[in-house]
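Each chain, written out:
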Amino acid sequence: MPTVIVTGLPGVGKTTVLEALKGVSERGGLSISVVNFGTVMSEILRKRGMALDRDDIRRQDMALQREVQEEAAREISGMKGDGVLIVDTHMFVKTDSGFWPGLPINVLSKLSPSLLVLIEAPPEEIANRRRSDKSRRRDEASRALIEQELDWSRFLAAACSVMTGAPVKIISNEPGKHLEAAEELFGIISRMVR
Ligand code: AMP
Ligand code: MG
């Protein structure tokens, strides 16, 4: 069954849309599982004796991040099975060294996705969510910066699309409409597996 990579800027509501997708898929009789790339990385780090907050991973040394990223991709590629595998991750990570790709070629080739999804939301909404999410230590950002990040995500999605041959679907997660976004995503995935 196919692998679908779902990405979105921090604060876009990606995890919420994917939670809703699980419910929609159950009702629609489609077997999907969602794996969060950051959680797999945290787990690998924890086993190495580094219990880091998930918002501290991007602040680590680049060599370590690169190594753990590759190991996570390897682990996730082993999770492919009978259902659709959704990978919750990022087109880029804002590291101390700059924008770093979440899906460089070595990662993409392990995951070999059939579809790339970008979840987007209005920049104001992303800024509000980053400010109000007390469970995370997200980077705050101005509207202009968030617009640049949205652009950067699309550029990287285009690059990933060329490298894999997978199409890019952009899904808008408007305020209060995460169910609609989940249903749209469900529609695309069910057409793919039919
Ligand atoms: P998230 O919970 O999706 O915000 O992810 C938490 C953290 O995991 C991110 O801030 C990154 O440090 C790391 N992460 C997630 N996906 C990737 C990826 N594809 N490549 C490298 N780091 C990642
Ligand atoms: Mg998330």
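Residues numbered from 1 in each chain as written. Chains lettered and ligands numbered in written order. Predicted model: local features only at pLDDT ≥ 70, side-chain atom pairs only at ≥ 80, totals over all residues. Heavy atoms only, no water.

*Asks:* Describe the overall build of the protein chain, and please don't skip the residues or the numbers.
*Replies:* Of regular secondary structure, the protein chain possesses seven helices and seven strands. Its helices and strands taken in sequence order, the protein chain reads β-α-β-α-α-β-β-β-α-β-α-α-β-α from the N to the C terminus. Against the 2.2 N^0.38 benchmark of 16 Å for 194 residues, the protein chain shows a C-alpha radius of gyration of 16 Å, consistent with a compact globule. With the C-alpha coordinates of the protein chain rotated into their principal frame, the extents come out at 45 × 35 × 30 Å. In the protein chain, which comprises 194 residues, the proportion classed as buried is 45%. When the accessible area of the protein chain is evaluated, it comes to approximately 9400 Å², of which 51% is carbon and sulfur surface. (Helix = DSSP H or I, 4+ residues; strand = E, 2+ residues; numbered from the N terminus. Rg over C-alpha atoms; globule rule 2.2 N^0.38 Å. Buried < 20%, exposed > 50% of the residue type's maximum accessible area, 1.4 Å probe, protein only. Areas by Shrake-Rupley, 256 points an atom, 1.4 Å probe, with all protein chains shown as cover.)

*Asks:* Quick rundown of the pattern of salt bridges? Include the residues and the values.
*Replies:* In total, this model carries 21 salt bridges according to the counting rule given. We note a salt bridge from R137 to D56, for which the minimum N-O separation is 2.9 Å. Of this pair, R137 sits in the loop between α5 (123-132) and α6 (143-164) while D56 sits in the loop between α2 (37-47) and α3 (62-77), placing them 81 residues apart in sequence. Of the residues examined, R137 reaches a relative accessible area of 42% and is grouped as partly exposed. The partner of D133 in a salt bridge is R138, with the nearest N and O atoms 3.2 Å apart. (Salt bridge = Lys/Arg side-chain N within 4 Å of Asp/Glu carboxyl O.)

*Asks:* Please set out the environment of F92 residue by residue, giving values where relevant.
*Replies:* Within the element layout of this structure, F92 appears in strand β4 (residues 92-95). Separated by 11 residues in the primary sequence, F92 and L103 place their C-alpha atoms 7.4 Å from one another.

*Asks:* Just give me the short version of the packing of aromatic side chains, but keep the residues and values in it.
*Replies:* This structure, assessed with the given rule, holds three aromatic pairs. Note on F99 and W152: the rings are 5.7 Å apart at their centroids and 40° apart in plane angle, and the pair reads as tilted. Here F99 is found in strand β5 (residues 98-101), whereas its partner W152 is found in helix α6, with 53 residues between them in sequence. A relative accessible area of 32% places W152 in the partly exposed class. Ring pairing ties together the aromatic residues F92, F99, W152 and F155, which thus form one cluster. (Phe/Tyr/Trp six-rings, centres within 6.5 Å; stacked < 30°, edge-to-face > 60°.)

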